[in-house]
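Each chain, written out:
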Amino acid sequence: MAARRFLWLILGGLALVVLAVAAYTLFGEQLIKAATTPSVAFSASPQAAAPDYAPANAQAWLARPGMANDPSRYAPVGYAAAPHPAAAVFYVAPTAFLDRARWNAPLDDGATNQRLAVYVLAQASVFNGVGAVWAPAYRQATFGAFMTARPDASRAIGFAYADVERAWDAFLAANPSGPIILAGHSQGSLHLARLIAQRIKGQPVAARIVAAYIPGVPLSIEADLPAMGLPLCASPAQTGCVLDWMSYAEPAGRAGFQAWAERSPGLTGRSRAGTHLACVNPIRGFATTAPAVAAADIGALRPGPSLSDFPTIQPHAVGARCVDGLLLIGLPPEGYGKFILPGNNYHVYDYNLFWANIRADAERRLDAWMSANPGAMPPPRAG
């Protein structure tokens, strides 16, 4: 019952996001800025106290080993969370804070925390067959911070990133050895890309990275990836590489994400304008323009028709192909009619549509990492 309730609590919040983006499409940038961007200056915005990421502090973690009612341990029928996972997963959740009264989320906002629990359940659960998930609560930037080029927005995003960086340090202290999977979505992927560039590239921990699953953000091959030090995945069993995609049904509209991509410079400092955006096909498991047919889709996590129904795994739901930085899934698939963003943007379902494929991908890459590192000590696990 708890899993079912969590999956649907998010609907109201997502509806607000959809309405906001629809308003942007219909009425222009000034209206959406007025509707979503905080009017208070960042310097005057209330800020919650920094979270203490000690493993025993439950408020600071959305998921971690040993946590009661951990949403990342959810598994649909036919799947199960591993009792003794070999890898440690550092997962950073997407934007769930929608308030325009402040630039960054408090940790005790009930509506935000309900949405975050759903994100962890639907997304981070992909990895529970091989990894123990650590998902920090952080003072994330509000939705409106991504709708404006104001300096206050950059400050809010940087403020949120600082929490992620401190959570990373606590995660490493708790997991001093063994393989690591990085995972996130949207704002979470943005922070992970920066973390890779600033805290992982060139460091010993880089050798422990199985893969970084960071869909939902436009990463530039020229303006972002060189700063990260991890390449796009070029084969299904490659380790130490990045998987990024942005799901769109056809016909796909590019205007919204194109503007967002070009609003700030890439991690190298170079503008993303005029560069090529990364796209890894999650069905094929590597960067390619070759299409994957729906028959190759192991299974999507499909919402139930009503609140009383659990989500189910639906095989052969969609095909996928990378075209100019977008992951095109063909005509809109059945069962995913709610919360589609303008331009046939299936951003909300970047994980759901490929749930079983991503799960198999993580298993394959972890096996490859373990084969290449037979003497590596796995991190301690809390059962």
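It should be emphasised that the depicted structure is a prediction, and the values quoted were computed from it without experimental measurement.

**Re the pattern of salt bridges**
Counted under the stated rule, the structure contains 10 salt bridges. A salt bridge links D152 to R155, with the shortest nitrogen-to-oxygen separation between them at 2.8 Å. Separated by 3 residues within a single helix, D152 and R155 lie in helix α5 (residues 151–174), roughly one turn from each other. The class of R155 is partly exposed, set by a relative accessible area of 45%. We note a salt bridge from D361 to R364, for which the minimum N-O separation is 3.1 Å. Here the residue D361 and the residue R364 both occupy positions in helix α9 (residues 355–372), the gap between them amounting to 3 residues, near one helical turn. Given the relative accessible area of 1%, D361 is considered buried. According to the relative accessible area criterion, R364 is partly exposed, its value standing at 32%. Taken together, the shared-partner salt bridges in this structure form one network comprising R139, D163 and R166.

**A word on the nonpolar core**
Grouped together as the largest cluster of nonpolar side chains are 92 residues, with contacts concentrated most on F90, Y91, F127, L182, Y213 and F354. Ranked by residues supplied to this core, first place goes to α5 with 7 residues. By size, the runner-up hydrophobic cluster in this structure holds 9 residues, among which are W103, A145, F146 and I157.

**Side note on the side chain of N281**
Along the polypeptide, N281 turns up in the loop between α8 (255–263) and β8 (300–302). Accessibility expressed as a relative area gives 0% for N281, which makes it buried. Here N281 is in contact with F286, A290, A292, A320, R321, C322 and L327, once residues within four sequence places are set aside.

**Re the environment of A162**
As for its placement among the helices and strands, A162 is situated in helix α5. The exposure class assigned to A162 is partly exposed, which follows from its relative accessible area of 35%. A sequence separation of 22 residues divides A162 from Q140, and the C-alpha atoms of the two residues are 9.8 Å apart.

**Quick look at the packing of α5 against helix α6 (residues 187–200)**
Orientation of α5 relative to α6, taken along the N-to-C sense of each, is 60°, at an axis distance of 10 Å. Seen along the crossing, α5 lies across α6 with a hand that is right-handed. The segment α5 lies against α6, with I157, G158, A160, Y161, V164, E165, W168 and D169 engaging Q187, L190, H191, R194, L195, Q198, R199 and I200. The class makeup of the residues in the contact of α5 with α6 is 8 nonpolar, 4 polar and 4 charged.

**Regarding the side chain of S72**
Among the secondary structure elements, S72 is positioned in the loop between β1 (61–63) and β2 (87–92). What makes S72 buried here is its relative accessible area of 1%. In this structure S72 touches A63, V120, A124, S125, N128 and V133, once residues within four positions along its chain are discounted.

Conventions and cut-offs
Here the residue index of a chain counts from 1 through its sequence in written order. Totals for whole chains, interfaces and linings use every residue, but because this is a predicted model, local features are given only for residues with pLDDT of at least 70 and side-chain atom pairs only at 80 or more, for both listing and counting. Hydrogens are left out, water is left out, and the side-chain values use all remaining heavy atoms of the structure. Any Lys or Arg side-chain nitrogen located within 4 Å of an Asp or Glu carboxyl oxygen qualifies as a salt bridge. What counts as a helix is a DSSP run of H or I of at least four residues, what counts as a strand is a run of E of at least two, and both are numbered from the N terminus. Throughout, exposure labels follow a simple rule: accessible area from a 1.4 Å probe, protein chains only, divided by the maximum for the residue type, with under 20% read as buried, over 50% as exposed, and the rest as partly exposed. Nine residue types can take part in a nonpolar core, namely buried Ala, Val, Leu, Ile, Met, Phe, Trp, Tyr and Cys, and a core is a set of them joined through side-chain atoms within 4.5 Å. When checking whether two residues touch, look at their non-hydrogen atoms; a contact exists if any pair is within 4.5 Å. Every axis in this analysis is a line fitted to C-alpha atoms, fitted for helices over the stretch in contact. Angles between the N-to-C directions lie between 0 and 180 degrees. The crossing is said to be left-handed when, going from far helix to near helix, the turn is anticlockwise and less than a right angle, and right-handed when the turn is clockwise. Residues were grouped as follows: Ala, Val, Leu, Ile, Met, Phe, Trp, Tyr, Cys and Pro as nonpolar; Asp, Glu, Lys and Arg as charged; and all remaining residues, including Gly, as polar.

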